[in-house]
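# Working through the structure, step by step
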Amino acid sequence: MSILQVQNIQKHFGNVNVLHNISFELEKGQTLAIIGSSGSGKTTLLRCLNFLETPDEGRICVAGETLFDAKDPAAQKEKEIRRKRLHFGMVFQSFHLFPQYTALENVMLAPELLAKEEKDFKSRKKEILQDIRSRAEDLLRQMGLEDRASHYPHELSGGQQQRVAIARALAMNPDIMCFDEPTSALDPELTGEVLKVIRGLSQAKTTMIIVTHEMAFARDVADRVIFMDNGVVVEQGEAREVIDHPKEERTKRFLARYSAEGSMRT
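Structural notes, computed from the coordinates.

Definitions and cut-offs
- Here the residue numbers are simple positions, counted from 1 along each chain's written sequence.
- Selection of residues for local features in this predicted model requires a pLDDT of at least 70, selection of side-chain atom pairs for listing and counting requires 80 or more, and totals for whole chains, interfaces and linings are taken over all residues.
- Water and hydrogen atoms play no part in the side-chain values, which are based on all heavy atoms of the structure.
- Strands were regarded as paired on the criterion that DSSP finds at least two bridges between them.
- Put simply, DSSP marks the helices as runs of H or I at least four residues long and the strands as runs of E at least two long, and each gets a number from the N terminus on.
- Side-chain atoms alone can form a polar contact between residues adjacent in sequence; in general such a contact is a pair of N or O atoms within 3.5 Å, and within protein one must be able to donate a hydrogen while the other accepts it.
- The contact criterion used is simple: two residues touch if any of their non-hydrogen atoms lie within 4.5 Å.
- To get an axis, fit a line to the C-alpha atoms, keeping to the stretch in contact for a helix; angles then go from 0 to 180 degrees between the N-to-C directions.
- Expected helix span is taken as 1.5 Å per residue step, with the number of steps being one fewer than the number of residues.
- The buried label applies to any residue whose accessible area, calculated with a 1.4 Å probe on protein chains only, is under 20% of its type's maximum; exposed applies above 50%, and partly exposed to all values in between.
- Think of it as the arc spanned by the lines of direction from the helix axis to the C-beta atoms.

### Brief notes about the pairing of strand β2 (residues 16-27)
Strand direction decides the pairing type here: strand β1 (residues 2-13) and β2, joined by eight bridges, are antiparallel. Bridging across to β2, phenylalanine 13 finds its partner in valine 16. Between the antiparallel neighbours β1 and β2 lie two residues, among them glycine 14 with a positive phi of about 65°.

### Looking at the side chain of serine 202
The residue serine 202 is located in helix α6 (residues 188-203) in this model. A polar contact is formed between the side chain of serine 202 and the side chain of threonine 31, at a distance of 3.3 Å. Beyond its immediate stretch of four places on either side in the chain, serine 202 contacts Thr31, Met208 and Val221.

### A few points about the sheet that holds β2
Pairing in this open sheet of four strands is antiparallel, and the strands run β2-β1-β4-β5 from one edge to the other. Every other strand in the sheet has two partners, leaving β2 and β5 (65-69) as the edge strands with one partner each. This sheet shows a mean twist of 15° between the axes of neighbouring strands, independent of strand direction. Bridge analysis of strand β4 (residues 57-62) against β5 gives four bridges, and the strand direction is antiparallel. Looking at β5, one finds that isoleucine 60 is bridged to phenylalanine 68. Sitting on the sheet, helix α1 (residues 42-49) touches β1, β2 and β4, and the angle it makes with β2 is about 65°.

### Details of helix α4 (residues 125-142)
Taking 1.5 Å per residue, 18 residues should reach 26 Å; α4 reaches 26 Å between its end C-alpha atoms and fits that length. Turning to α4, its buried residues are Ile128, Ile132, Ala136, Leu139 and Leu140. Buried residues of α4 fall within an arc of 105° about the axis and therefore sit on the same side. Buried positions along α4 lie against α3 (103-115) and α5 (158-170). Just past α4, the residue glycine 144 takes up positive phi, approximately 75°.

This is how it looks when you write it as structure tokens:
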């Protein structure tokens, strides 16, 4: 059964139609890569899934629950949107870490804020905070950053900061991890660090959606690929089939250009 169902999503900014009837499904444990030129609507789609933007039309369902239906005004209430965002872990191009907090504190922050809303928080505060801390320490260890837990963001490299951001997103135990070009702000060496972490998550069957320009990485790691152009899903299917044997002319031209530019790196 699909963990994510996206049906006929449309998004306008003024008179510009940015997304045109986007539909796809994602199975639990799969990795979906979204590729396409800059301005093709990839990031807007990801932001709509995470409710950072509100679609104008369509439906979004996760694990059998309808998170958004454009025909239902109640689906757009801020309180409901906050709850529904918990289904998604979001990792942005820039790291967006809080500079006043250490790496460990950045990872602990969101679970702590959520825990404080629980009725039994005061009576179980010490136990709850210890569990949150232990989980955060485990995630930093998973990211290879156990010796950087007490460091502040300015004391970390770009790759280390992005790995903290990944740990922070995982700390909320989301159904789906979303990555918006997570290596675009990094040099090649640091890019490799982050891609290695994402590859490990894929091998662990973490359900993921990755917007990326790393074509070889998408081909080798993703189960499925969507190619977008001008806000339209031009082609989608198994990753190796779409990237190695594209059927649509627009997909062929896009991949040929990236190959010629030497961008199909791992």
